[in-house]
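Structural overview for review
Residue-level listing of the chains:
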Amino acid sequence: VIAITTWSLWFVTASFDGTARVWDENDALKAELTGHKAGITCLLVHNNMLYTGSDDFTIRLWDNSPAFVCSFEGHEDSVYNL
């Protein structure tokens with residue numbers, strides 16, 4: 001685990017395997033967010049949406065269902081902070 005944040009009643013962990021995992025208030029796995037092609041380096045929750053930054057030079061946005069919304073591309077290096 002490289003990053004962790006809270007998201008409403010949940011918490012989210014980010015890993016070098018390119019996944020973010022969403023855990024509920026009982027520590028049960030609620031969802032596994034996939035799509036990054038490299039490790040997730042940072043997390044941000046804003047307006048009840050989750051942003052994941054990665055070594056694949058992208059930021060992905062997730063809604064609170066949680067489902068993928070869109071990807072922000074065009075960075076020339078890894079995204080280490082949001």
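Everything discussed here concerns the structure shown above.
It should be emphasised that the depicted structure is a prediction, and the values quoted were computed from it without experimental measurement.

All right, on to the pairing of strand S6 (residues 49-54) then. Two faces, one strand: in a regular strand the side chains alternate between the faces of the sheet. Bridge count between strand S5 (residues 40-46) and S6: six bridges; the pairing is antiparallel. Bridge pairing links Leu 43 to Thr 52 in S6. Two strands pair when backbone bridges link them, and S6 and strand S7 (residues 59-62) are joined in this way by four bridges, in the antiparallel orientation. Following the sheet pairing, Thr 52 is matched in S7 by Arg 60.

What follows covers the environment of Ser 15. Inspection of the secondary structure assignment puts Ser 15 in the loop between strand S2 (10-14) and strand S3 (20-23). Spatially, the C-alpha atom of Ser 15 lies 13 Å from that of Tyr 80, the residues being 65 residues apart in sequence. Filtering out sequence-adjacent residues up to four positions away, Ser 15 remains in contact with Val 1, Ile 2, Arg 21, Gly 39 and Ile 40.

Under the counting rule described, the total for this entry stands at four aromatic pairs. Ring geometry for Phe 11 versus Trp 23: centroids 6.2 Å apart, planes at 15°, classification stacked. Of the two residues, Phe 11 sits in strand S2 while Trp 23 sits in strand S3, which places them twelve residues apart along the sequence. Overall, the relative accessible area of 25% leaves Phe 11 in the partly exposed class. On the basis of relative accessible area, Trp 23 is assigned to the partly exposed category, the value being 22%. When the ring of Trp 62 is compared with that of Phe 68, the centres are 5.5 Å apart and the planes differ by 70°; the resulting orientation is edge-to-face.

Here the focus is the side chain of Thr 19. By secondary structure assignment, the location of Thr 19 is in the loop between S2 and S3. Discounting chain neighbours no more than four positions away, the residues touching Thr 19 are Thr 13, Ala 14, Glu 32, Leu 33, Thr 34 and Ile 40.

What counts and how
Residues numbered from 1 in each chain as written. Predicted model: local features only at pLDDT ≥ 70, side-chain atom pairs only at ≥ 80, totals over all residues. Heavy atoms only, no water. Pairing = 2+ DSSP bridges. Helix = DSSP H or I, 4+ residues; strand = E, 2+ residues; numbered from the N terminus. Contact = heavy atoms within 4.5 Å. Phe/Tyr/Trp six-rings, centres within 6.5 Å; stacked < 30°, edge-to-face > 60°. Buried < 20%, exposed > 50% of the residue type's maximum accessible area, 1.4 Å probe, protein only.

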